[in-house]
Amino acid sequence: MVFITSPNHKTLNLNLNPKTTTLQTLKLQIEQTSHIPISQQRLFISQSLQLLTQSDSTLLSDLNISPLSTLTLHIPLFGGTQPPAVPKPRLDFLNSKPPANYVAGLGRGATGFTTRSDIGPARAAPDLPDRSATTIGGAAGAAPPGAGRGRGKPEEEEEDDGEEKGYDENQKFDEFEGNDVGLFASAEYDDEDKEADAVWEAIEQRMDSRRKDRREARLKQEIEKYRASNPKITEQFANLKRQLYTVSAEEWDKIPDIGDYSARNKKRKFESFVPVPDTLFEKARQEQEHVTALDPKSRAATGTETPWSQTPVTDLTAVGDGRSTVLSLKLDRLSDSVSGLTVVDPKGYLTDLKSMKITSDAEISDIKKARLLLKSVTQTNPKHPPGWIAAARLEEVAGKIQAARQLIQKGCEECPKSEDVWLEACRLASPDGAKAVIAAGVKSIPNSVKLWMQAAKLEHDDSNKSRVLRKGLEHIPDSVRLWKAVVELANEEDARLLLHRAVECCPLHIELWLALARLETYDNAKKVLNKAREKLSKEPAIWITAAKLEEANGNTSVGKIIERGIRALQREGLVIDREAWMKEAEAAERAGSVATCQAIIRNTIGIGVEEEDRKRTWVADAEECKKRGSIETARAIYAHALTVFLSKKSIWLKAAQLEKSHGTRESLDALLRKAVTYRPQAEVLWLMGAKEKWLAGDVFNARKILEEAYAAIPNSEEIWLAAFKLEFENHEPERARLLLAKAREKGGTERVWMKSAIVERELGNLDEERKLLAEGLKRFPSFFKLWLMLGQLEERLNHLDKAKETYDSGLKHCSNSIPLWLSLANLEEKMNGLSKARAVLTMARKKNPQNPELWLAAVRAELRHGNKKEADILMAKALQECPNSGILWAASIEMVPRPQRKTKSMDALKKCDHDPHVIAAVAKLFWLDRKVDKARTWLNRAVTLAPDIGDFWALYYKFELQNGTDDNQKDVLKRCIAAEPKHGEKWQPISKAVENSHQPTEAILKKVVVALGKEESAAENNRQHYVKWLIEKEQYWKEKLVHSVLYYWNFCSRIPFY
């Protein structure tokens, strides 16, 4: 849509798309709408005031015209007149009012002057009522004020001229709306405009939230790119700083100190040697001298007066000794003369010292000023209660509690109807006098709830409190606060009687009705709730309480009550708030009323939800309830959703996951049975049901479920493989072979052939395994796992040349398979040494760039052969090519010396904060530093981020074995079994070994822990051997140097000297 402002100040709305509309089409639309010929149309872009003189075939979008843009239409004036000039936007300072004493041109030397028209009524006057109608002889045609000489036309005529022009020249130009900022300025802002603005604001927020992730990702990428291209000085020299640890102490001492050698700051130092005058020595002697005699002038004044011109000489040492003596005497008086034990309470003594307030002169002055001010307030307006309260509190702060009590007493006499004054008087009064004060207060204001509550607080016995509250209820029978307080103090029978009276006096308070219903019997509670419904027809809590009451008594009419209640509330005009009712459902679940919770969800979950948003909204509500621990509420939401969406597999799966996590096996089995009834083609539901039966030990029913699944989905490979796994894991290899043979006959995929080879490997049929792998490779040559299994078979048989040929053939078909490249490199290292393995890994990195696993394999190959420098170089190149690889950063942390690991780990966390490998490496550092709590936290974070990697679980379990309790070890073991990890550098070789094929997760976890221990022991032994080798090498060179020196000495001793 495009807006056109016509010459008659009307706006045309043209429904056009600027991306597909040309300028010629726009002009034709204007001609059809306003009947202005194309030859007389002059279009201006309102924002830039640019005349559209382009060709008619130009698209509007090419002219920077977007939807909702505003154009201005002008008509040229013919007959010798000039076309209208484009209005120029006025500057901001021209629209503002000049200062009061502003004189134009004063800065450049001009002199201001004043005319007669500037004096008197000609100057702009404030808005005052027009007196012309009340003035005697004031005619309507009289000249307006200010029409004198030098003023030009009156202001009214100038405004008329502005109206004739059609626009205001003084109007401020808006950069967003152009000159049309005042187009709707005079329109009234009604509720429809407010609603439209709210809708557009909601749309803007929704679009902004959708673009938030992309915007943040783009901003983060730009920041990283900028930091990479413009590194800080500290980052540029970070590597040089880390190398400073190699500098020795002697080299540190040789580094010169930096100083200021600029000639500007150099000043000549003049040294003078002057002898010290004798007066200084005399003054120093007098200061150190102790005078013990009185001055003659002082003796003339009887020794009690100090002359005006003499400063007393005091021995400060003696004064200090005297103070110590006085303090010791005071402490001796406090000591027990019999036992010699002190009776001073040190805690109380220190508390008294802390409570002593030292008031400064400034504070005293402020208190005096405030006292004078408040005295003026209370004298000028003695009926003002806050003045008396402030004056009393000021005296309390000043420490004059008696004066505060007297002031507040006067306040009570002046303001006897102010409950705040009486409460303040009760607070300031002594414990004995507080009851008398509050009694006088309730006598003056018998209808004050606060005073009666304060009077009850002053009583220490419950019976006296109840008596005071009942006395207050005699004066204020409609006070809900007093009724609640007196009911809380009464027993059950008295509370029931009191509540009967309370609902009579306060019939519109729902809490009293509900409390009475809870105390009554079933029949009486129904009567109470019916009476409450008559009094409070718009209160949902009454219907919910009635439903809970029926559920507690075993009735099945809970759903009908909730349904009737919602209909009744809607008839009363009450808006049903879906979120509030869901909170009520969660509260009912916490109270144990599950049927009420389900009824509320069933009747309110669909209110206010669009039909196309129901599935998404209900699933999100169920997940939120699940997070908050409201399992029954989430179960009720899924149950209602499944009645609407019977064929949605995702909802069935989420409901099944909920039952699996928080339900019983029977409830899960019933749900899955119902799910496959409505979705018989969903393989995952059949497989989940069979797996749950198998985990429960019911293999027969698991087979039965798989048979039913195969009948429903005849050619499903997943069901074939699930049946194979069931038989294979239950030690039925023959049945597993038959199932796989049938699957191969029916044209199974590469997974079927791989599973068949695994079965033969388990049974030890090597020839059959080789045959199946060969046939599978003929059918699926691009499946790398078959090539890998064939190569591993040849390696187990020690046919290394055949294994190498197999890997080479596999890489011809699967050049992107990283496991094949790694297997070939390991084989070459075993057969031909490091050089061939290095060549293979180099070729692999060329064909698969930016692959961290290949870089890590190359680094570890160098480390295995003791090439530490080459490994460091490769690691640096690897981190440059793969800067966000967690496994490379983790290996880099372990490679550097221990003092540098903290810095390296900080760099790693900056690059990949949420990578589990880096987090596990940092946990190892905390473990080595004996920071057990931090190590446990980081290991827990690692297994939470990657629960499928078994190496982290093994590391965590080993940590708990060394530093944790039995409960911690059991918890880690339980969580690992529930996670069922499948991957990991140490986990996979052990779990996939032939001897461990049927081992449970717990056994594999313990074997991996043992393997980690052996690896650490081997690494420690290698380190010790390396250190021992260095020591032996150093000793060898020392001995060789000694032998060389002795040989040279003997040789020189044989040379004759002439």
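Look a little higher up for the structure.
What counts as what
Residue positions are given per chain, counting from 1 as you read along its sequence in written order. This being a predicted model, a pLDDT of at least 70 is required before a residue's local features are given, and a value of 80 or more before pairs of side-chain atoms are given or counted; all residues contribute to the totals for chains, interfaces and linings. Water and hydrogen atoms were dropped before computing side-chain values, which therefore reflect all heavy atoms in the structure. Note on exposure labels: buried denotes an accessible area under 20% of the residue type's maximum, exposed denotes more than 50%, and partly exposed covers the range between, all computed with a 1.4 Å probe on protein chains only. The helix count covers DSSP runs of H or I at least four residues long, the strand count covers runs of E at least two residues long, and both are numbered beginning at the N terminus. Each pair of strands is called paired provided DSSP finds at least two bridges between the two strands. In what follows, a disulfide is any cysteine sulfur pair within 2.5 Å. The patches reported here contain residues having more than 30% relative accessible area and no salt bridge. Joining distances are 9 Å for like charges and 5 Å for nonpolar side chains (Val, Leu, Ile, Met, Phe, Trp, Tyr). Where accessible areas are quoted, they stem from the Shrake-Rupley method and a 1.4 Å probe; at the residue level, only the protein chains shown are allowed to cover. Each salt bridge in this description consists of a side-chain nitrogen of Lys or Arg and a carboxyl oxygen of Asp or Glu lying within 4 Å of one another. What the arc covers is the set of directions going from the helix axis to the C-beta atoms. In this description, contact between two residues means that some pair of their heavy atoms is separated by no more than 4.5 Å. The criterion for an aromatic pair is that two Phe, Tyr or Trp rings (for Trp, the six-membered ring) have centres within 6.5 Å, with stacked assigned to planes under 30 degrees apart, edge-to-face to planes over 60 apart and tilted to the rest. Whether a charge lies above a ring is judged from NZ of Lys or CZ of Arg, which has to be within 6 Å of the ring centre and within 35 degrees of the ring normal. Every axis in this analysis is a line fitted to C-alpha atoms, fitted for helices over the stretch in contact. Angles between the N-to-C directions lie between 0 and 180 degrees. An angle below 35 degrees is treated as roughly parallel, one above 145 as roughly antiparallel, one from 65 to 115 as roughly perpendicular, and anything else as oblique. Left-handed describes a crossing whose near helix is turned anticlockwise from the far helix by less than a right angle; the clockwise case is right-handed. Each residue is assigned to one of three groups, with Ala, Val, Leu, Ile, Met, Phe, Trp, Tyr, Cys and Pro labelled nonpolar, Asp, Glu, Lys and Arg labelled charged, and all others, Gly among them, labelled polar. Nitrogen and oxygen atoms within 3.5 Å of one another constitute a polar contact, given that in protein one can donate a hydrogen and the other can accept it, and given that sequence-neighbouring residues count only through two side-chain atoms.

Looking at the pairing of strand 2 (residues 11-14)
Here is step 1: Burial of strand 2 is one-sided: the residues Leu12 and Leu14 facing one way are buried, the residues Thr11 and Asn13 facing the other way are not.
Here is step 2: The sheet contact formed by strand 1 (residues 2-5) and strand 2 spans four bridges and is antiparallel. Residue pairing across strands places Ile4 opposite Leu12, the latter belonging to strand 2.

Here we look at the environment of Lys704
Here is step 1: Here Lys704 shows up in helix 32 (residues 699-712).
Here is step 2: Given the relative accessible area of 41%, Lys704 is considered partly exposed.
Here is step 3: Each C-alpha atom of the pair Lys704 and Ala690 lies 8.3 Å from the other, and the pair is 14 residues apart in sequence.

Looking at the state of the cysteines
Here is step 1: All told, the structure shown has zero disulfides when counted by the stated rule.
Here is step 2: This cysteine, Cys597, is not joined by any disulfide, and Cys625 carries the nearest cysteine sulfur, 8.1 Å off.

Description of a nonpolar patch on the surface
Here is step 1: Among the surface-exposed residues, Val199, Trp200, Ile203 and Met207 lie close enough to one another that they form a single nonpolar patch of about 370 Å² accessible area.
Here is step 2: Along the polypeptide, Val199 turns up in helix 3 (residues 191-210).
Here is step 3: The exposure class of Val199 is partly exposed, given its relative accessible area of 44%.

Description of helix 16 (residues 434-444)
Here is step 1: Those residues of helix 16 not exposed but buried are Ala434, Ile438, Gly441 and Val442. Taken down its axis, helix 16 places every buried residue within 90 degrees of arc, on the same side. Structural note: helix 16 exposes Ala436 and Lys443 on the side pointing more than 90 degrees away from its buried face.
Here is step 2: On its buried face, helix 16 is in contact with helix 15 (419-428) and helix 17 (449-458).

Details of the packing of aromatic side chains
Here is step 1: Throughout the structure, instances matching the rule amount to six aromatic pairs.
Here is step 2: Judged by centre distance (6.1 Å) and plane angle (15 degrees), the ring pair of Trp652 and Tyr678 falls under stacked. Remark: Tyr678 occurs in helix 30 (residues 665-678) and Trp652 occurs in helix 29 (residues 649-662); sequence separation between them is 26 residues.
Here is step 3: The interplanar angle of 75 degrees and the centroid separation of 5.0 Å between the aromatic rings of Tyr710 and Trp720 together place this pair among those described as edge-to-face. Remark: Trp720 occurs in helix 33 (residues 717-729) and Tyr710 occurs in helix 32; sequence separation between them is ten residues.
Here is step 4: The exposure class assigned to Trp720 is buried, which follows from its relative accessible area of 11%.
Here is step 5: It is Arg744 that lies over the ring of Trp753; its NZ or CZ is 5.6 Å from the centre.

Considering the pattern of salt bridges
Here is step 1: Counted by the stated rule, this structure contains 47 salt bridges.
Here is step 2: Residue Arg496 pairs with Glu493 through a salt bridge whose shortest N-O separation is 2.3 Å. On the criterion of helical spacing, the pair formed by Arg496 and Glu493 is a turn pair, its members being three residues apart in helix 20 (residues 492-505).
Here is step 3: A salt bridge links Arg860 to Glu985; the nearest nitrogen and oxygen atoms lie 2.2 Å apart. Of this pair, Arg860 sits in helix 41 (residues 852-864) while Glu985 sits in the loop between helix 48 (966-979) and helix 49 (987-991); the two residues are 125 residues apart in sequence, bridging distant segments of the chain.
Here is step 4: Salt bridges sharing partners connect three or more residues here, namely Arg393, Glu396, Glu424 and Arg427.

Quick notes on the packing of helix 29 against helix 31 (residues 683-695)
The description of two packed helices rests on the angle between their axes and on the distance between the axes.
Here is step 1: Their axes nearest at 11 Å, the elements helix 29 and helix 31 cross at an angle of 15 degrees. Judged by the angle between their axes, helix 29 and helix 31 are roughly parallel. Like other packed secondary-structure pairs, helix 29 and helix 31 cross with a definite hand, here left-handed. Mapping the contact onto sequence places Lys649, Trp652, Leu653, Ala656, Gln657 and Lys660 in helix 29 and Val684, Leu685, Met688 and Glu692 in helix 31.
Here is step 2: Counted by class, the contact of helix 29 with helix 31 contains six nonpolar, one polar and three charged residues.

Some thoughts on the pairing of strand 1
Here is step 1: In the sheet, strand 1 pairs with strand 5 (residues 70-74) via three bridges, with the strands oriented parallel. Opposite Phe3, over in strand 5, you have Thr70 as the bridge partner.

Considering the environment of Val922
Here is step 1: Within the secondary structure layout, Val922 lies in helix 45 (residues 916-928).
Here is step 2: Overall, the relative accessible area of 5% leaves Val922 in the buried class.
Here is step 3: For Val922, the contacting residues outside a window of four places in its chain are Ser905, Leu909 and Trp938.

Concerning the side chain of Asn848
Here is step 1: As for its position among the elements, Asn848 is in the loop between helix 40 (834-847) and helix 41.
Here is step 2: Exposure remark for Asn848: the relative accessible area of 9% places this residue in the buried category.
Here is step 3: Here the side chain of Asn848 touches Ser815 through a polar contact of 3.3 Å, landing on its backbone oxygen.
Here is step 4: Discounting chain neighbours no more than four positions away, the residues touching Asn848 are Ser815, Asn816, Ile818, Trp821 and Leu854.

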